[in-house]
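Spelled out, the chains give:
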Amino acid sequence: MSRRRLPPLPTIRELIRLYQLSAKKQLSQNFLLDMNLTRKIVRAAGNVGGGFVCEVGPGPGGITRAVLNTSAHHVAVIEKDARFMPSLQLLSEAAEGRLSVYRGDILNFNLETIIPQALSREWESSPPNVHIIGNLPFSVSTPLLIGWLAAMSSRTGAWGFGRTKLTLTFQKEVAERMVAKINTPQRCRLSLMCQYLCEVDLKFVIPGRAFVPPPNVDVGVVHVVPRVQPLINLPFSLVEKVARHIYHYRQKYCRRGVETLFPPDRLDLVEDMFEESEVDPTSRSYMLTVKEIGRLCQSYNSICQHEPDIYTYDFRSKENAAALRRKGQILQEKFEKQILHGT
């Protein structure tokens, strides 16, 4: 399928001057004006020919132009900031029906309503010709990603059409966490949540100075493809909860994080969880493989099925925090007595 070209248009810089646009710090906006880089981001998404591309947060339309200059069949952009509507409408008119512009907040926008049903594919087959691309504001990138991972797990929203792919920008530090391997400093909860559900690839890094205004950090472009079968076959909320507790005490033994899943008087369940999962309780969280955390999740799920109240236990509640303090005081008094009696 041949590439399509937009007619001559004002440059992005000219549009920014024409419409008196400026990046809003409170919205974490940073414009990417280098068309070589915007084209590189679009190439990182793979072959979009004949497909449907959804761009998140297009701003003045730099990446949008790069997509429209491919053979993509249709492009939809979702923008929260009304100031960018005139420049995006100008692009829409030039694209002759290939660009739809939606004003909305991507955090609560239902992508399912704009993706053509005809592009739907079975989950087990190859991904649909649907692509989500975006230069995300730093303030929303991580919560948005977690929400999309949950939708992948339940196969809803954009993932009701199959294994829809993502190509997104993140702060370099966040991008490195997404792809971090075990026993590396960046390994964290986000690493696990991405990797058990998806194949994640850090494509390249863009220097912060390439953006306007330049952020204090560099930016990573990450390509995400959902797996046919997740590496942990359990509800997303349960996996996220176990991972959150395990990685909360990153430099301590993983046992410390697992203990916070249970009331202070139920340490027997902690022993059961490690015995059943055959995971070394003295391992640090960043040392654990996806399979090991998966076994811990399976064990925790089994315990919760037998004792449902365990799942709703929250060690951060005032009542439970007080119980933990009392337990600590008892252990401290016991220790002091041992010292006093020389035992």
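The residue count restarts for each chain, going from 1 along the sequence in the order it is written. At least 70 in pLDDT is required for a residue's local features to be given in this predicted model, at least 80 for side-chain atom pairs to be given and counted, and no such filter applies to totals for whole chains, interfaces and linings, which use all residues. Note that the side-chain values use all heavy atoms of the structure and ignore hydrogens as well as water.

- Going by the annotation in an unreviewed UniProt entry, the name recorded for the protein chain is rRNA adenine N(6)-methyltransferase, with Batillaria attramentaria given as the source organism.
- The UniProt entry for the protein chain carries the following text under Subcellular location (unreviewed entry): "Mitochondrion".
- UniProt positions are given in the numbering used here, feature names are shortened, and annotations may be inferred rather than shown by experiment. Per UniProt, the comment on the protein chain under Sequence similarities (unreviewed entry) is "Belongs to the class I-like SAM-binding methyltransferase superfamily. rRNA adenine N(6)-methyltransferase family."

### A closer look at the sheet that holds strand β9 (residues 219–226)
Step number 1: Strands are treated as partners if at least two bridges between them are detected by DSSP. Secondary structure elements follow DSSP: runs of H or I of four or more residues count as helices, runs of E of two or more count as strands, with numbering from the N terminus. An order of β4-β3-β2-β5-β6-β9-β7 is seen for the 7 strands of this open sheet, with the pairing classed as mixed. The sheet is open, and its two edges are formed by β4 (99–103) and β7 (198–206), each paired on a single side. If you compare each strand with its neighbour and ignore which way they point, the axes differ by 20 degrees on average.
Step number 2: Where strand β2 (residues 52–56) and strand β5 (residues 130–134) come together, 5 bridges link them in parallel fashion. In the sheet register, C54 faces β5, and the bridge partner there is I132.
Step number 3: In the packing of helix α4 (residues 85–94) onto the sheet, the strands contacted are β3 (74–79) and β4, and the crossing angle to β4 comes to about 160 degrees. For helices, the axis comes from a line fit to the C-alpha atoms of the stretch in contact; other axes are also lines fit to C-alpha atoms, and the angle between any two N-to-C directions lies between 0 and 180 degrees. What makes two residues a contact is simply this: any of their non-hydrogen atoms within 4.5 Å.

### Let's talk about the nonpolar core
Step number 1: Ranked by size, the top nonpolar core spans 66 residues in total, and within it L111, I132, W148, M178 and F262 carry the most contacts.
Step number 2: In contact with I132, not counting residues within four places along its chain, are C54, V56, L111, W148, A158, W159, T164, K165, L166, T167 and L168.
Step number 3: Residues L6, L37, L88 and F204 belong to the second largest nonpolar core, which totals 35 residues. Nine residue types can take part in a nonpolar core, namely buried Ala, Val, Leu, Ile, Met, Phe, Trp, Tyr and Cys, and a core is a set of them joined through side-chain atoms within 4.5 Å. Relative accessibility thresholds used throughout: buried, under 20% of the residue-type maximum; exposed, over 50%; partly exposed, between the two (1.4 Å probe, protein chains only).

### So, the environment of I16
Step number 1: As for its placement among the helices and strands, I16 is situated in helix α1 (residues 12–18).
Step number 2: For I16, a relative accessible area of 14% corresponds to the buried category.
Step number 3: Along the chain, I16 and P60 lie 44 residues apart, while their C-alpha atoms are 7.1 Å from each other.

### A few points about the pairing of β3
Step number 1: Across the 6 residues of β3, 6 count as buried, placing the element largely inside the fold.
Step number 2: Of the two faces of β3, the one holding H74, A76 and I78 and the one holding V75, V77 and E79 are both buried throughout.
Step number 3: Both β2 and β3 contribute to a ladder of 5 bridges, which runs parallel. Residue pairing across strands places V53 opposite V75, the latter belonging to β3.
Step number 4: In this view, the connection linking β2 to its parallel neighbour β3 by way of helix α3 (residues 62–68) has right-handed handedness.
Step number 5: When β3 meets β4, the two strands line up parallel, connected through 5 bridges. Directly across from V77, in β4, lies its bridge partner V101. The handedness of a crossover follows from its direction of travel: if, with the strands pointing away from the viewer, the path from the first strand over the helix to the second runs clockwise, the crossover is right-handed.

### Description of the UniProt feature "binding site: S-adenosyl-L-methionine" (unreviewed entry) in the protein chain
Step number 1: Feature annotation in UniProt assigns "binding site: S-adenosyl-L-methionine" (unreviewed entry) to the following positions: N30, L32, G57, E79, D105 and N135.
Step number 2: Within the element layout of this structure, L32 appears in strand β1 (residues 31–32).
Step number 3: Judged by relative accessible area, L32 falls into the buried class, the value being 7%.
Step number 4: As for its placement among the helices and strands, N135 is situated in the loop between β5 and α5 (138–154).
Step number 5: Apart from residues no more than four positions distant in its own chain, N135 is found in contact with N30, L32, V56, G57, I63, T169 and F211.
Step number 6: Side-chain polar atoms of N135 contact the side chain of T169, separated by 2.9 Å. Residues adjacent in sequence count toward polar contacts only when both atoms are side-chain atoms; beyond that, a polar contact is any pair of N or O atoms within 3.5 Å, and within protein one must be able to donate a hydrogen and the other to accept it.

### What about unusual backbone geometry?
Step number 1: Between V212 and P213 the backbone carries a cis peptide bond, its omega angle lying at -10 degrees.
Step number 2: Within the secondary structure, P213 sits in the loop between β8 (211–212) and β9.
Step number 3: Of note, the phi angle at N183 is positive, near 65 degrees, even though the residue is not glycine.
Step number 4: Here N183 lies in the loop between α6 (172–179) and α7 (189–197).
Step number 5: The backbone of E278 sits at a positive phi, close to 60 degrees, despite the residue not being glycine.
Step number 6: Position of E278 among the secondary structure elements: in the loop between α10 (267–277) and α11 (290–306).

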